[in-house]
Amino acid sequence: MEGTAVLGRLTWQVAQVTETRQETRRVKTIALDLDDWRGHRAGQHVDVRLTAEDGYQAERSYSIASAPEQGLELTVERLDDGEVSPYLVDELRNGDGLEIRGPIGGYFVWEARDMRPVFLAAGGSGVVPLMAIIRHRIAVGSSTPMRLLYSSRSLDDVIYRVELDQVAANDNGIEIVHTLTRAQPEGWSGYSRRIDNDMLREVAWSPSESPSVFVCGATRFVEAVAEGLVGLGYDPRSIKTERYGGTGG
Amino acid sequence: MSGFISRGFRGRRREDAPEGRVPPGQYLTDDFPVLSAGPTPHTPLEEWTFEIRSGGASVSWTWEEFRALPSETVTVDIHCVTKWSKLDTVWEGVPVETLLERVDDDSPYLLAFCDGGYTTNLPVEDVLDGKAWVAFAYGGEPLDPEHGGPARLLVPHLYFWKSAKWVRGFELRNEDEPGFWEQNGYHLYGDPWKEQRYWGD
Amino acid sequence: MQTEDMKLDGSAIGGMMLELFGREMTTAVSTCRSCGASGPLAVVDVYVQAPGTVVRCRTCESVLMKIVRGPDRTWIDFSGVRVIELES
């Protein structure tokens, strides 16, 4: 279609898979190359479309994991009853094409010129767009205080674990707090329960610091955290949420 | 339509459709997808009524009165316009003609209305003669709210958007007035065997 | 899966709106005809597991938009939105 090149991000384009990396047992990062890719903002997502030989199609949205400075990478969790994620995690390989549309989103994005301290709350694979935000902050050399509260089932389910440990160890204004809700390793001294108001009170910025908040994960997780923060005195308009649907956290 | 094919992608569909049971363009499913256009209503049974409105008059049943009506168990195939079909589903419900018998009205059409605001239109002759029920049980269990409980309309010979969840009654009409989806591109009648999904099909 | 779990944000239809309107729409501000609440289209309740997409006001739950995509046509009902504000 002639107009496609002009439409660019407005419509479907075929990207090439250049690399895949297993992050955890069920989670994989997919690096993509796209001729027309004009960059993205931290927090945006793309739509992915799969087409079978008989024309059957399935579409899903996935948050971009990479910072704008790092090209295009998606991190996908394989859902057992999923239709698209098992293909992306188990079948897709280097050299394959993948139809994507985007980047999409103007609301759930963080820009380095926003100087407010940032509170990030992630439930499971909800960490993906928040990781893009963290990576972007580091890439541009920002010193905006940032704190991530990340809820996972167990240590083995923590996505980007090694990278997050390094980010925390570098101690340049980014703090990482984990909570492991189902299983904890021997000697674990961190949180070991679902995020609740007490935990938020201990970890989140004080509302008086006018923080900017990004919460991402399953719908129930996001709603519980957002309500908790509002209960602590946060201005609801400062809380941006991205609900993934589904259960768990 | 995309020209690009995703290598190795087949989707979640079953391929083993029995002869003549699956309408064109449909795929079989083993599970029972929950489709929803909004939050699940939770009307307490003490407040639930089923009402048939006819001109200025109406007749209604409380839950107890409704459950005291003769009901039957039926096994039917269902076909959703989103392309999944499910065979041999077992429901228990009150035949719609049992309810319509109580009303002296020969209007040709009805608009079904539901908790949550959903509506769908049907010709009256498509809900008589063993073609439709107000169903309160599925698979031997009381109908789950996610699947339309306490009661939903069941009209298996048409696409399943016509089987309105959380149904609370009918308005009898002289005109076939389009409901929630019929106003928005979906076919006024919806015969899956003629693949009547959208306007003009 | 409970219906409450299936509620998504406006960003879930960001791609579709991008394609239909030719611009980023999640930051457009809509006013609900029913209750008057205003906010970015990202901040709505979106139900995609249906014969079509239903966008509801997060404040009062009434329908803001209904979108049905056929093979060669798309139908959009905006009647639940009183006005949309876009950056020029």
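Residues numbered from 1 in each chain as written. Chains lettered and ligands numbered in written order. Predicted model: local features only at pLDDT ≥ 70, side-chain atom pairs only at ≥ 80, totals over all residues. Heavy atoms only, no water.

**Quick word on the overall build of chain A**
Condition: Think of it this way: any DSSP run of H or I at least four residues long counts as a helix, any run of E at least two long counts as a strand, and we number them from the N terminus. With the radius of gyration taken over C-alpha atoms, the globule rule is written as 2.2 Å times the number of residues to the power 0.38. Type-normalised accessible area, obtained with a 1.4 Å probe on protein chains alone, sets the label of each residue: buried when under 20%, exposed when over 50%, and partly exposed for intermediate values. Contacts are residue-level and defined by heavy atoms, with any inter-residue pair within 4.5 Å sufficient. Each accessible area value is a Shrake-Rupley result obtained with a 1.4 Å probe; residue values ignore everything except the protein chains displayed when judging cover. His is not counted here, nor are the chain ends, while Lys and Arg score as positive and Asp and Glu score as negative. Each charge is placed at NZ for Lys, CZ for Arg, CG for Asp and CD for Glu.
Tallying secondary structure elements over chain A gives 6 helices and 11 strands in all. Relative to the compact-globule value of 18 Å for 249 residues, chain A shows a C-alpha radius of gyration of 18 Å, a close match. Along the three orthogonal principal directions, the C-alpha set of chain A runs to about 55 × 40 × 30 Å. Residues counted as buried form 57% of the 249 residues belonging to chain A. Summarising the internal contacts of chain A: among those between residues at least 6 apart in sequence, 71% fall at separations of at least 24. As displayed, chain A offers around 10700 Å² of accessible surface, 44% of which is attributable to carbon and sulfur atoms. With 27 positive and 37 negative side-chain charges, chain A shows a spacing of 4 Å between the two charge centroids.

**Some words on the packing of aromatic side chains**
Basically, it comes down to this: Centres within 6.5 Å make a pair out of two Phe, Tyr or Trp rings, where for Trp the six-membered ring is used; the pair is then stacked when the planes are under 30 degrees apart, edge-to-face when over 60, and tilted otherwise. Should the NZ of a Lys or the CZ of an Arg lie within 6 Å of a ring centre and within 35 degrees of the ring normal, that charge is described as sitting over the ring.
This structure, assessed with the given rule, holds 25 aromatic pairs over all chains. Here Tyr-186 of chain B and Tyr-198 of chain B contribute two aromatic rings whose centre-to-centre distance is 5.2 Å and whose plane-to-plane angle is 25 degrees, an arrangement assigned as stacked. Linking Tyr-186 of chain B in the segment after strand 11 (167-173) with Tyr-198 of chain B in the segment after strand 11, this pair joins segments that are 12 residues apart in sequence. Taken individually, Tyr-186 of chain B and Tyr-198 of chain B each receive the classification buried, so the pair is uniform in this respect. Between Tyr-198 of chain B and Trp-75 of chain C, the ring centres sit 5.6 Å apart and the planes meet at 20 degrees, which makes this aromatic pair stacked. Taken as a pair, Tyr-198 of chain B in the segment after strand 11 and Trp-75 of chain C in strand 6 (residues 74-77) lie in two separate chains rather than in one. Residues Tyr-198 of chain B and Trp-75 of chain C agree in their burial class; the two are buried. Each member of the aromatic cluster is reached from another via a ring pair, and the members are Tyr-118, Tyr-159, Trp-161, Phe-180, Trp-181, Tyr-186, Tyr-198 and Trp-199 of chain B together with Trp-75 of chain C. Lying across the ring of Tyr-160 of chain A, Arg-135 of chain A places its NZ or CZ 4.7 Å from the centre. Directly above the aromatic system of Tyr-107 of chain A lies the positively charged group of Lys-240 of chain A, at a separation of 4.9 Å from the ring centroid.

**Thoughts on unusual backbone geometry**
That bond from Gly-102 of chain A to Pro-103 of chain A is cis: its omega, 10 degrees, falls within 30 degrees of zero. In this fold, Pro-103 of chain A is placed in strand 6 (residues 97-104). Cis geometry is found at the peptide bond from Gly-149 of chain B to Pro-150 of chain B, where omega equals 20 degrees. Of note, Pro-150 of chain B is situated in the loop between strand 9 (141-142) and strand 10 (152-154). In this structure, Ser-210 of chain A takes a positive phi of about 45 degrees despite not being glycine. Along the polypeptide, Ser-210 of chain A turns up in the loop between helix 5 (197-203) and strand 10 (212-217). Phi at Asp-129 of chain B is positive, roughly 55 degrees, even though this residue is not glycine. If you trace the backbone, Asp-129 of chain B turns up in the loop between strand 7 (119-123) and strand 8 (133-138).

**Considerations on the interface of chain C and chain A**
The extent of an interface is frequently quoted as the accessible surface area lost upon association of the parts. Counted only if it meets this: Here the buried area means the combined drop in accessible surface, using a 1.4 Å probe, for two parts upon being joined, counting both sides. What makes a salt bridge here is a side-chain nitrogen of Lys or Arg within 4 Å of a carboxyl oxygen of Asp or Glu, nothing more. Residue type decides the class: Asp, Glu, Lys and Arg count as charged, Ala, Val, Leu, Ile, Met, Phe, Trp, Tyr, Cys and Pro as nonpolar, and the leftover types, Gly among them, as polar.
Between chain C and chain A, the residue contacts involve 26 residues of the former and 24 residues of the latter. Summing both sides of the interface, chain C and chain A together bury roughly 1700 Å²; the carbon and sulfur share of this comes to 48%. The interface formed by chain C and chain A holds 4 salt bridges in total. A salt bridge links Lys-7 of chain C to Glu-223 of chain A; its shortest N-O distance comes to 3.6 Å. Of all the elements, helix 1 (residues 14-21) of chain C adds the most residues to the side of chain C that touches chain A, at 5 residues. Grouping the amino acids of the side of chain C that touches chain A by side-chain chemistry returns 9 nonpolar, 7 polar and 10 charged.

**Notes on the pairing of strand 5 (residues 72-77) of chain A**
Residues in a regular strand project their side chains so that they alternate between the two faces of the sheet. Residue and element names in this part refer to chain A. Note the threshold: When DSSP finds two or more bridges between two strands, those strands count as paired.
Of all 6 residues making up strand 5, 6 are buried, and the element is well covered by its neighbours. What you see with strand 5 is no split at all: Leu-72, Leu-74 and Val-76 on one side and Glu-73, Thr-75 and Glu-77 on the other are buried throughout. Across 6 bridges, strand 2 (residues 27-33) lies against strand 5 in antiparallel orientation. Within strand 5, the position partnered with Val-27 by the bridge is Glu-77.

**Some remarks on the domain arrangement of chain A**
Residues and elements named next belong to chain A. For clarity, the threshold we go by: By convention here, the domain bounds are inherited from an automatic or database domain assignment. Polar contact is the term for a pair of N or O atoms within 3.5 Å; when the atoms are in protein, one must be able to donate a hydrogen and the other to accept it, and sequence-neighboring residues count only if both atoms are side-chain atoms.
On domain assignment, one finds that chain A holds domain 1 (13-104) and domain 2 (118-243). Taking only C-alpha atoms into account, the centre of domain 1 sits 24 Å from that of domain 2. A buried area of about 1300 Å², summed over both sides, lies between domain 1 and domain 2, and 54% of it is on carbon and sulfur atoms. A per-residue breakdown of the area domain 1 buries against domain 2 is headed by Thr-24, Ala-65 and Glu-69, which together make up 27% of the total. For the pair domain 1 and domain 2, the interface holds 0 salt bridges. Here domain 1 is connected to domain 2 by 5 residue pairs in polar contact (both at pLDDT 80 or more). For the side of domain 1 that touches domain 2, the elements supplying multiple residues, two or more each, are strand 1 (13-24), strand 2 and strand 5. Class assignment for the residues of the side of domain 1 that touches domain 2 results in 6 nonpolar, 8 polar and 5 charged.

**Regarding the side chain of Ser-85 of chain A**
All names here are of chain A. Here Ser-85 shows up in helix 2 (residues 85-91). When its relative accessible area of 4% is taken as the criterion, Ser-85 is described as buried. Here the side chain of Ser-85 touches Leu-79 through a polar contact of 2.9 Å, landing on its backbone nitrogen. Non-local contacts of Ser-85, meaning those with residues more than four positions away in its chain, are made with Tyr-62, Val-76, Glu-77, Arg-78 and Leu-79.

**Let's talk about the pairing of strand 7 of chain B**
Residues and elements named next belong to chain B. A large share of strand 7 lies buried, amounting to 5 of its 5 residues. Covered by surrounding structure in strand 7 are Thr-119, Asn-121 and Pro-123 together with Thr-120 and Leu-122, the residues of both alternating faces. Note that strand 6 (residues 109-114) and strand 7 share 5 bridges and pair antiparallel. When the sheet's bridge partners are listed, Ala-112 is paired in strand 7 with Thr-120.

**Overview of the layout of surface pockets**
Defined as follows: Points on a 1 Å grid, built from protein atoms alone, make a cavity when a 1.4 Å probe fits but cannot get out and make a pocket when they are open with protein on both sides within 12 Å along at least 5 of 7 lines; residues with an atom within 4 Å of a point are the lining residues. Grid points are joined across faces, edges and corners, and a volume is the space filled by probe spheres set on the points.
Each pocket or cavity is described by its volume, and for the second largest pocket that value is around 480 Å³. Lining the second largest pocket are 15 residues, and of these Pro-236, Ile-239 and Thr-241 of chain A together with Val-43 and Arg-58 of chain C sit closest to its centre. Sorting the residues of the lining of the second largest pocket by element identifies helix 6 (219-231) and strand 11 (239-243) of chain A as the ones contributing at least two each. For the lining of the second largest pocket, a count of residues per class yields 8 nonpolar, 1 polar and 6 charged.

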